[in-house]
Amino acid sequence: MSPAAGHDRFDAIVLGAGAAGLFCAATAAARGRRVLVIDHNVEPGAKIVISGGGRCNFTNIHTAPDRFLSANPHFAKSALGRYTPQDFVALVDRHGIAWHEKTLGQLFCDGSARQIVAMLMRECGDARFALGAPIRAVEHGDGLFRVTAGDGAYAAPALVIATGGPSIPKIGATGFAFALAKQFGLKLVEPRPALVPLTLGADEALFRELAGVAAPVTAMAGKARFSEAALFTHRGLSGPAILQASSYWRPGSAIAIDFVGDRPADWLLAEKQARPRATPRAVLAGLVPQRLADALAARLALGETLAACKDASLRAAEARLRRWSFQPSGSEGYAKAEVTVGGIATAGLSSQTMAARHLPGLYCIGECVDVTGWLGGYNFQWAWASGHAAGLAV
Ligand code: FDA
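Small disclaimer: the values here were computed from a predicted structure and weren't measured. (Residues numbered from 1 in each chain as written. Predicted model: local features only at pLDDT ≥ 70, side-chain atom pairs only at ≥ 80, totals over all residues. Heavy atoms only, no water.)

1. Structural notes on the site of the ligand
Close to the ligand lie 29 residues; Ala-20, Asp-39, Thr-174, Glu-367 and Phe-380 are nearest. One nitrogen or oxygen atom from the main chain of Phe-380 is found 2.8 Å from an oxygen atom belonging to the ligand. Out of a free accessible area of 1000 Å², the ligand has 93% covered by protein chains. Counting residues per element, the shell around the ligand draws most heavily on helix 13 (residues 378-391), which supplies three residues. When grouped by side-chain class, the residues that make up the shell around the ligand number eleven nonpolar, 14 polar and four charged. (Near = heavy atom within 4 Å. Polar contact = N/O pair within 3.5 Å; in protein donor to acceptor, adjacent residues only side chain to side chain. Areas by Shrake-Rupley, 256 points an atom, 1.4 Å probe, with all protein chains shown as cover. Helix = DSSP H or I, 4+ residues; strand = E, 2+ residues; numbered from the N terminus. Nonpolar A, V, L, I, M, F, W, Y, C, P; charged D, E, K, R; others polar.)

What follows is the structure, encoded as structure tokens:
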């Protein structure tokens, strides 16, 4: 009996019909490889459909390796360099999908994220799909990977793990990639939720009383700094600046917020000189919305007017406003996280092909790998680039 008797034979089996898996399948199918894509969801690309508020922020024109978190910051360079945002834009243009730049290099569909899924499915050409097929077992022996999924049994010399990370389980996300990677002897960098709202304990009254207020800030976690909006919620803080900082935040450590931005040093003293009779509330309302200005002014407990404040008090107040430090009680977790930071350790993978170094034929791509992008289209660019790298190799 042949080693794959009873199994449908392919050149490559891709586990996961998400961004990375579809792109890998399309790349391999274009090379004439016989590809099977397996997913337990009935529809492909569930995360693409909900991404970017339904418009899919499909890439970022400022893509560069320093916009990704990884235990090895060099790992992503090769794949990102060989499949660029311009390459993806050219593909989107070839399919006649209208797009626009929103802000900070973020490219979105004018219409719907579903156009990106449809494009990827068209690009997959002759690839076969087993959708709505829970994966029951994955085994390796005699140079073949054997997968039982749904009612089928499949075998191929190449297996691509592209089942993503566990964020947003309600649309089918799981930690399956991590379990499978471990089964095949790959190591993990501890996964944790990222691009996620942070929660605050009862002692952070300043922020909790401000639900609904948004303000331009710089959020800092360690050395990382992000100047964008922060949004105060009933449970804590969100908004792009906070989501970005959350990827760098570790439980138990602090986040700091700069409300003052690029105003010159001793800005409050200059304000005192320029308008001594102004109240601190009024001056702070030049930085942030009035409700937040009121809350900050109350916490800073300054005098009635700037003239009534000692210079030293104003300096101390400014220092606090430039580094308002607090300790989040936690995050909203995988239920609300846009991505998972950490994952399959890159040390076990080739940066050229995404192949496992110790097990020929095994590949890992997309979010399950320990490469996580900033907010703003970077994660899809990693999915396309890593999928492309593996798609050329399988
Ligand atoms: P992805 O999650 O896309 O695909 C994994 C596939 O594997 C899924 O189809 C899943 O059903 C399947 N799967 C999982 N477990 C399985 C199992 N056990 N058996 C079988 N199949 C299984 N990024 C960006 O760049 N721009 C954006 O606009 C957004 N917006 C955004 C919004 C929201 C709400 C979220 C949650 C995330 C984003 N992202 C984003 C992040 C982006 O969606 C994410 O990084 C990519 O989809 C990752 O691509 P992958 O192919 O690696 O995983």
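The rest of the description comes next.
2. Focus on the sheet that holds strand 14 (residues 198-199)
In space, the seven strands of this open sheet follow the order 19-18-15-16-17-14-20, with antiparallel pairing throughout. If you trace the sheet from one side to the other, it starts and ends with strand 19 (324-326) and strand 20 (330-331), each paired once. Note that strand 14 and strand 20 share two bridges and pair antiparallel. Paired with Leu-198 across the two strands is Ser-331, which belongs to strand 20. Packed onto the sheet, helix 12 (residues 311-322) meets strand 15 (214-221), strand 18 (255-258) and strand 19 and runs at close to 120 degrees relative to strand 18. (Pairing = 2+ DSSP bridges. Contact = heavy atoms within 4.5 Å. Axes fitted to C-alpha atoms, helices over the stretch in contact; angles between N-to-C directions.)

3. Points about the domain arrangement of the chain
Each assigned domain of the chain is listed with its residue range as follows: domain 1 (8-193 + 338-391) and domain 2 (198-331). Put simply, the middle of domain 1 and the middle of domain 2, counted by C-alpha atoms, are 39 Å apart. Taken residue by residue, the interface counts seven residues in domain 1 and ten residues in domain 2. Here domain 1 packs against domain 2, burying approximately 830 Å² in sum over the two surfaces, 52% of which is carbon and sulfur. Joining domain 1 to domain 2, the criterion identifies three residue pairs in polar contact (both at pLDDT 80 or more). Classifying every residue of the side of domain 1 that touches domain 2 gives six nonpolar, no polar and one charged. (Domains from an automatic or database assignment. Buried area = accessible area lost by both parts, 1.4 Å probe.)

4. Some thoughts on the state of the cysteines
Among covalent bonds in proteins, the disulfide is the one between the sulfur atoms of two cysteines. Going through the model one piece at a time under the given rule, you end up with zero disulfides. Cysteine Cys-124 shares no disulfide, and the gap to the nearest cysteine sulfur, in Cys-24, comes to 9.2 Å. Relative accessible area serves as the criterion here: at 0%, Cys-124 is assigned to the buried category. Unpaired in this structure, Cys-364 has its nearest cysteine sulfur neighbour in Cys-368, at a distance of 5.5 Å. (Disulfide = S-S within 2.5 Å. Buried < 20%, exposed > 50% of the residue type's maximum accessible area, 1.4 Å probe, protein only.)

5. Topic: the side chain of Glu-271
Inspection of the secondary structure assignment puts Glu-271 in helix 9 (residues 267-274). A polar atom in the side chain of Glu-271 sits 2.7 Å from the side chain of Arg-275. Excluding residues within four positions of it along the chain, Glu-271 makes contact with Pro-276, Val-283 and Leu-306.

6. Let's talk about the pairing of strand 12 (residues 158-161)
Across the two faces of strand 12 the burial is the same, with Ala-158 and Val-160 and Leu-159 and Ile-161 all buried. The pairing of strand 2 (residues 12-15) with strand 12 spans four bridges and is classified as parallel. When the sheet's bridge partners are listed, Ala-12 is paired in strand 12 with Ala-158. Of the strand pairs in this sheet, strand 12 and strand 22 (residues 362-364) are connected by three bridges, and their pairing is parallel. Bridging across to strand 22, Val-160 finds its partner in Tyr-363.

7. Overview of the environment of Leu-206
Mapped onto the fold, Leu-206 is located in helix 7 (residues 205-208). For the pair Leu-206 and Ala-298, spaced 92 residues apart in the sequence, the C-alpha separation amounts to 9.3 Å. When neighbours within four sequence positions are excluded, Leu-206 is seen to be in contact with Ala-295, Leu-296, Arg-299 and Trp-324.

8. Considerations on the sheet that holds strand 7 (residues 106-109)
As summarised here, the arrangement of the three strands in space is 4-7-6, forming an open sheet in which the pairing is antiparallel. In the strand order of this sheet, the two ends are held by strand 4 (57-60) and strand 6 (99-101), each with one partner. Within the sheet, the average angular offset between the axes of one strand and its neighbour, ignoring direction, is 25 degrees. In terms of strand pairing, strand 6 meets strand 7 through three bridges, oriented antiparallel. Bridged to Trp-99 within strand 7 is Cys-109.

9. Section: the packing of helix 4 (residues 85-94) against helix 5 (residues 114-123)
Contact pair helix 4 / helix 5: the axes reach a minimum separation of 11 Å and the direction vectors enclose 90 degrees. Comparing the axis directions of helix 4 and helix 5 gives the class roughly perpendicular. Contacts between helix 4 and helix 5 involve Phe-88, Leu-91 and Val-92 from the former and Ile-116, Met-119 and Glu-123 from the latter. Its residues placed into classes, the contact of helix 4 with helix 5 shows five nonpolar, no polar and one charged. (Parallel < 35°, antiparallel > 145°, perpendicular 65-115°, else oblique.)

10. Section: helix 6 (residues 176-183)
Looking only at helix 6, the buried set comprises Ala-177, Phe-178, Leu-180 and Ala-181. One face of helix 6 carries all of its buried residues, which in axial projection span an arc of 165 degrees. Next to the buried residues of helix 6 lie strand 2, strand 9 (135-141), strand 12, strand 13 (188-194) and strand 21 (339-344). Taken from the residues just after helix 6, Gly-185 is the one with a positive phi, measuring 85 degrees. (Arc of directions from axis to C-beta.)

11. A look at unusual backbone geometry
We note that Ile-168 has phi near 65 degrees; this positive angle belongs to a residue other than glycine. Its identity as a non-glycine residue notwithstanding, Leu-195 has a phi of 50 degrees, on the positive side.

12. Concerning the packing of helix 1 (residues 19-30) against helix 13
The axes of two packed helices give the description: the angle between them and the distance between them. For the pair helix 1 and helix 13, interaxial distance at closest approach is 7 Å and the crossing angle is 35 degrees. Crossing hand, helix 1 versus helix 13: right-handed. Taking contact as the criterion, the partners of Ala-19, Ala-20, Phe-23, Cys-24, Thr-27 and Ala-28 in helix 1 are, on helix 13, Phe-380, Ala-383, Trp-384, Gly-387, His-388, Ala-390 and Gly-391. Grouping the amino acids of the contact of helix 1 with helix 13 by side-chain chemistry returns nine nonpolar, four polar and no charged. (Left-handed = near helix turned anticlockwise from the far one by under 90°.)

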